[in-house]
Each structure stands twice: as structure tokens, then as C-alpha cells.
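# Residue-level structure breakdown
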Amino acid sequence: MSTPFDISAVLFGLNDGMLSTFFPVMHPNRSKSIMQWVEIDFFEYYFWGLMPQTSCRLVSEHVTCRESRGHIRMKALILVGGFGTRLRPLTLKHPKPLVEFANKPMILHQIEALKAIGVTEVVLAINYKPEEMMNFLKDFDTKLDIKITCSQETEPLGTAGPLALARDKLIDDSGEPFFVLNSDVISEYPLKLMMEFHRAHGGEASIMVTKVDEPSKYGVVVMEESTGKVERFVEKPKAFVGNNINAGIYLLNPSVIDRIELRPTSIEKEVFPKIAAENKLYAMALRGFWMDIGQPRDYIAGLRLYLDSLRKKSPSKLATGPHIVGNVLVDETAEIGEGCLIGPDVAVGPGCVVESGARLSRCSVMSGVTIKKHAYISSSIIGWSSTVGQGARVEKTVLGEAVHVKTSLGGVVYVCDDVYCNGGVVLPDREIEPSNLKPESNVRVWD
């Protein structure tokens, strides 16, 4: 049976790409309308206007509804960037977007957020280790039902050049806007609100802004607070002109690409100011938390903000128990020993083993790590398959992959027993024994 109805009648049930609500439909074996559970899968509410007529097909006790005219394809470009030098040594062997944050690679947070609001294709602008990136993500396009493609740069093209390079992947005959995201930005991704905002102001480009306490460290966006219309950009102002900064999330009409030459170009310094001068650039204040997690200190701060947001929105995902203090995320495959104290603001990844008596706070423990008995870790990042020795104390430290050392972040790292490390960064394939009292050349302080 096929029953047409106006989808506007059920818009109040919209929820992150899946609209589920009660709606009266006619059961084939009954002569009157009854209440059936309606699920409208993958409806892009941004394309409201004249509400499309939708056909309903009764399946058992469910009615599955899809737009009769087919799905409108939305696209996004993620600026994966270059070498990730600020997050070394983790990025010496792996591209930065594959570094785990809150138990999954950074880039998956963004891809999942884009998928949730109806994006059907994501283009990754890459110029560092593209093969590893695509090999990792090749399974996720099927799992997430989203197309993931690569636009590879032969030279760094800045923040605007990659859009020109990916022109053929981003522009089609639909004329619909596309998202652009910086890969090291973590937030609540209010992308639905941004779509509404973009459609309402009718300009050429929308950018998301966030407020900061020290705007002199950033490029400030001067805007009309009532309308969001951007007036100008001020790079690292010496005098106060505002505290809204670029949050690295954009929604752009295809015409923006026509403004960009295929060369190293800055979208913030060369493209946006010209659009603003034509009164076609608008800024939307970001709701919720935001952090650029491209360096260790901000990574740890971003983890705290993320877990705090998780507590408010999905508290069931956080760990509980007598050994947990504050907000803690523990993968279901991790093993936690007796007498441990974990938290606040800790993420323990897949396959990790935390032995008895260990103490963890304000740290990220990536997949496959072993924390031995009575080790202490604070304000650090422990990389893939690392080992922190019994009684070792690690604070404000980052370790590289395949390191044998007394510290915290990296992959295949061994932190020797009874070692104390404070404020270090250890490169891959290194080892620091307890007798090493002088800092080696491969250790740097990041505070």
C-alpha cells in the first residue's frame, strides 16, 4: 500500500537525520486511520520549503517513509592538512586525523556529525600519507553509508586552494551548498542550525564563530551581532575589537569556488574578506564547546570539554563505579584492575589493560596500552600499544610510537618501572631508563 501525506505534519519529530514520530496512516486491513510508528530515514530538513509529498509503505507494524523525488546529495570537504607538527611525535608515523580522540580517530567525529545531518559524500583534502588515511577509512564508507573520497595535493595549498583542487568533486548540477571543516576542530557540531542560518540570510557563505577570552591571539571576526553579517577580519588585534574568532566550520555556496585560484591560498585572509566586502558573508555563533585539539595542551583541554558535553547529552556512555571519579570514557574491551582510581577527564581506549592500583587523571590512553601496577599518569597522552611501567609516574608528557621510555603518549611505548617523567615528548623508537637523569635530545617540554 502507498499512502501520500504532507511531511510538514511530522516535522516536529526531527532528530539528527532520523525523523521518528506518530502519524495516522491507513492500515490495509482496517477501514479507519490508526496510530502507527513512522520512521523517515535520512530526510534532509534543510531542503524544506514546499514540503515534498512522501509515499508511505507499511512494513509489518512500521511505516517507512522516503522522499518520492529522491535524496538531495549534500557534500563536505574536510581539510585534513599536512604534517601535524604541533602534535608530534604522534603524527610522525600517522596523519593527524587518525590520532585517537575520545577513543576514536579525530576525523570520525566529524564524518559521523556530517552523516547525521544528511551529508552523503565527504571529500578529504590530503597532502600527507593519503594511502594510510584512505586504507583506514575504506571500511567506514560502508559502515556509515557515506561516500568518502580523497583530493590529494602535490604541494600544500593552504586553506582555500584545496577547494579549487576539489572543484569537480564538490560541485554538481544541484547547486547546493557544501560544508568545509578543519580536521583538528572538535565541538558539538551544530550543523543543522548552520544549515537553517545559511538558508535564512541568503548570502554566499556562512562561517561559525566562537568566543574566546584572549582574542589577541587569534584572527577576530567583527560582525553585526543582530544579523551575523561580517564586517571585517582583524588578525591578532592589539586593541579590543571583539572576541569572536573563526571556528573552522563553513557552509559555502558553489560560487565561492569561482573566487579561488588553484594555488596556495588562505580562505581566511584572501577569500572571506572579499565576500564580506560585498555583504555576502555571515557568521553564526557556535553553541556548546569548541577546541582546536592540534597540540597536546589543547588536546587535553578538549577532552575535558568533550566528556563534559557527553555527561550532559549521553551520560550512559560514561563509565561508572567506585573506581571512577568525574567524567571517564572506558572502551568495553578495556580491562580495569582492582584498586584503580580513574578520573576525572580520562579516556581509556580499546584493548587497554590498567593493572591494579593505577591512578589516571586528565589523560588519553590510546588503544592497546598497558598501564602496570601503581603507575601514575596525569595530563598526558599515552599512544597506541604503549606500556607504562610499574610505579612509573608520568605527567604532562607525550610519547611517540614504538618508544621504550618513562612517559605517556605514542605507539608501542614502554615506560620503565619506577620512572618519573614530567613535561616530556619522546620520539618514536626510543627508550629512557631510570638511570637517565639528563634529558635526551629527543625530549622537549611543552608547557
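For the structure, check the block above.
Residues numbered from 1 in each chain as written. Predicted model: local features only at pLDDT ≥ 70, side-chain atom pairs only at ≥ 80, totals over all residues. Heavy atoms only, no water.

### Section: helix H2 (residues 130-137)
Where we set the bar: Note on exposure labels: buried denotes an accessible area under 20% of the residue type's maximum, exposed denotes more than 50%, and partly exposed covers the range between, all computed with a 1.4 Å probe on protein chains only. Every helix listed is a DSSP run of H or I at least four residues long, and every strand listed is a run of E at least two residues long, numbered separately from the N terminus. Note: the arc covers the axis-to-C-beta directions of the helix. In this description, contact between two residues means that some pair of their heavy atoms is separated by no more than 4.5 Å.
Among the residues of H2, those classed as buried are Pro130, Met133 and Leu137. Projection of H2 onto a plane perpendicular to its axis shows the buried side chains occupying an angular sector of 65°, all on one side. Looking at the buried side of H2, the elements it contacts are strand S7 (74-81), helix H1 (106-116), strand S10 (119-126), helix H3 (140-143) and strand S11 (147-152).

### Description of the pairing of strand S14 (residues 205-211)
A regular strand carries its side chains on alternate faces of the sheet. In plain terms, the rule: Between any two strands, at least two bridges found by DSSP are needed for them to pair.
Of all seven residues in S14, six are buried; the element is thus mostly enclosed. Looking at chain direction, S14 and strand S17 (residues 244-252) are connected through six bridges and run antiparallel. Counterpart to Val209 in the pairing with S17 is Asn246. When S14 meets strand S18 (residues 281-285), the two strands line up parallel, connected through five bridges. Residue pairing across strands places Val209 opposite Ala285, the latter belonging to S18.

### Digging into the environment of Gln152
For Gln152, the location among the structural elements is in strand S11. Among the residues examined, Gln152 registers a relative accessible area of 45% and is labelled partly exposed. Spatially, the C-alpha atoms of Gln152 and Leu124 are 8.0 Å apart, while their sequence positions differ by 28 residues. Each residue touching Gln152, except ones within four places of it in the same chain, is listed here: Ile126, Pro130 and Leu165.

### Re the environment of Gly302
Take Gly302: it is sitting in helix H8 (residues 296-313). Residue classification places Gly302 among the buried residues on the basis of a relative accessible area of 0%. As a C-alpha pair, Gly302 and Phe289 span 13 residues in sequence and 8.5 Å in three-dimensional space. Every residue in contact with Gly302, bar those within four places of it in the chain, is listed here: Phe101, Met291 and Ile293.

### Section: H1
For H1, the buried fraction is high: nine of the 11 residues fall into the buried class. Those residues of H1 that sit buried are Met106, Ile107, Leu108, His109, Gln110, Ile111, Ala113, Leu114 and Lys115. Once H1 finishes, Gly118 follows within two positions and takes phi at roughly 105°, a positive value.

### A closer look at the side chain of Ser206
Quick note on the threshold: Polar contact is defined as a pair of N or O atoms within 3.5 Å, subject to the rule that within protein one atom must be able to donate a hydrogen and the other to accept it, and that residues adjacent in sequence are counted only when both atoms are side-chain atoms.
Turning to its location among the elements, Ser206 is positioned in strand S14. Within polar-contact distance, the side chain of Ser206 engages the side chain of His201 at 2.6 Å. Not counting chain neighbours up to four residues away, the residues in contact with Ser206 comprise Met194, Phe197, His198, His201, Ile249, Tyr250, Leu251, Leu252 and Tyr282.

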